[in-house]
Amino acid sequence: MPTHSTPDRPTPPGSAPAPFNQSVIDAFRAGGGKVGGPFEGGDLLLLTTTGAKTGERHTTPLGFVRAEGLLLVVGSNLGAPRHPDWYRNVLAHPTVTVELGTDTFEAIAVPTEGERRERLFDRVVAATPGYGDYQERTSRVLPVVVLERPAHEAGIPEGAATFADKMTQVHLWLRGQLRHVRKETEAYFGALAADQGQGAPPKPGIGLQIRQHCLAFCDALEFHHTSEDAHLFPVMARHHPELRETFERLAEEHRVIARLQSELAALLADIDGAEPARFRAELAGMSAELIAHLDYEEESLLPILAALPWPPVPPGA
């Protein structure tokens with residue numbers, strides 16, 4: 001077993017964590033990220049994922065390894081034949097919450113592939129040999145997952161005093177994710193082009209990486225638009241009837257953007273068989289439409305939202 005091994009098998013979706021897992025979670029939070037007993041001195045984090053089927057939030061204590069400047073967790077499930085639930089969750093909803101020591105942050109869970117996965121798994125086993133034992137117990141390849149704190153978030157202000165600040169934060173994150181998807185796509189096609197003339201080119205091994213960032217972008221955009229349509233816009237329309245046409249246009253744009261999200265996901269899912277020039281053109285066109293929508297939303301709403309405090313002030317407060 002890995003030194004300071006941790007449970008990586010959460011309870012079924014919709015149920016509370018098992019008593020042992022919950023005791024580890026409680027001790028972790030009470031001790032500022034430190035846990036005693038069998039985990040004394042071990043590297044432990046809490047990973048909160050969104051259920052693939054239920055949409056409910058689940059927290060799992062996991063061991064982690066740092067290698068090549070990356071934060072890694074392994075879907076060992078103690079060598080069982082099935083992937084752990086948390087791994088199936090991140091394949092459906094890549095955006096996760098990580099508690100590490102006293103720090104809590106959002107991350108994108110990105111499974112590694114190919115040579116990169118093999119290299120990083122070797123680093124994991126060198127640090128915690130028991131993961132090699134788990135791999136020997138099962139025919140499935142143990143997933144090695146990078147908990148990626150997007151670098152572009154460094155340019156996003158942490159605080160928000162108004163609704164305008166909050167919208168700006170969300171839009172900066174969305175723009176950053178979209179740039180990331182396009183950058184990874186270029187890396188993918190660049191790697192394919194470099195292997196031309198040497199027989200069938202190997203997959204560069206970043207298909208899952210592109211997929212996870214695309215899903216994270218689409219999930220965040222859907223949540224953002226649903227919140228606007230259900231809460232923000234109706235309230236603002238009552239106080240600003242002169243902007244009725246603006247809100248109607250934004251609602252219509254949200255329906256168009258929902259279609260674009262589906263098309264973007266389908267486009268990226270077929271990247272292995274895509275013709276590069278056509279793929280780039282389609283991705284560029286979709287990106288331009290998405291950015292134009294964000295630009296219009298900012299132009300129309302930021303001046304008004306700048307007068308509304310964030311977080312919202314409860315009525316009568």
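What counts and how
- Residues numbered from 1 in each chain as written.
- Predicted model: local features only at pLDDT ≥ 70, side-chain atom pairs only at ≥ 80, totals over all residues.
- Heavy atoms only, no water.
- Phe/Tyr/Trp six-rings, centres within 6.5 Å; stacked < 30°, edge-to-face > 60°.
- Helix = DSSP H or I, 4+ residues; strand = E, 2+ residues; numbered from the N terminus.
- Lys NZ or Arg CZ within 6 Å of the ring centre and 35° of its normal.
- Core = buried A, V, L, I, M, F, W, Y, C linked by side-chain atoms within 4.5 Å.
- Buried < 20%, exposed > 50% of the residue type's maximum accessible area, 1.4 Å probe, protein only.
- Contact = heavy atoms within 4.5 Å.
- Salt bridge = Lys/Arg side-chain N within 4 Å of Asp/Glu carboxyl O.

1. A look at the packing of aromatic side chains
For the coordinates displayed, the defined rule picks out five aromatic pairs. Measuring from centroid to centroid gives 5.3 Å for Phe189 and Phe279, while their planes differ by 70 degrees, and the two rings are edge-to-face. Placement of Phe189 in helix H5 (residues 163-194) and of Phe279 in helix H8 (residues 276-305) is noted, with a sequence separation of 90 residues between them. Over the ring of Phe121 we find Arg117, and its NZ or CZ is 4.3 Å from the ring centre. When the ring centre of Tyr296 is taken as reference, the NZ or CZ atom of Arg249 above it lies at 3.5 Å.

2. Quick notes on the nonpolar core
Formed by 27 residues in total, the largest nonpolar core has its most connected members in Phe217, Leu264, Leu268, Phe279 and Leu290. Those elements that place two or more of their residues in this core are strand S6 (103-111), H5, helix H6 (207-239), helix H7 (244-269) and H8. Here Leu268 is in contact with Val181, Thr185, Ile210, Cys214 and Phe279, once residues within four sequence places are set aside. Counting 17 residues, the second largest nonpolar core, distinct from the first, contains Val73, Tyr87, Val90 and Ala109.

3. Quick notes on the pattern of salt bridges
Evaluation of the coordinates by the stated rule reveals 15 salt bridges. Of the charged contacts in the structure, one is a salt bridge between Glu186 and Arg280, with a shortest N-O distance of 2.8 Å. Of the two residues, Glu186 sits in helix H5 while Arg280 sits in helix H8, which places them 94 residues apart along the sequence. Judged by relative accessible area, Glu186 falls into the partly exposed class, the value being 40%. Taking the relative accessible area as the measure of exposure, Arg280 reaches 32% and is therefore partly exposed. Between Glu248 and Arg244 there is a salt bridge; the shortest N-O distance is 3.0 Å. Taken together, the positions of Glu248 and Arg244, both in helix H7 and four residues apart, correspond to about one turn of that helix.

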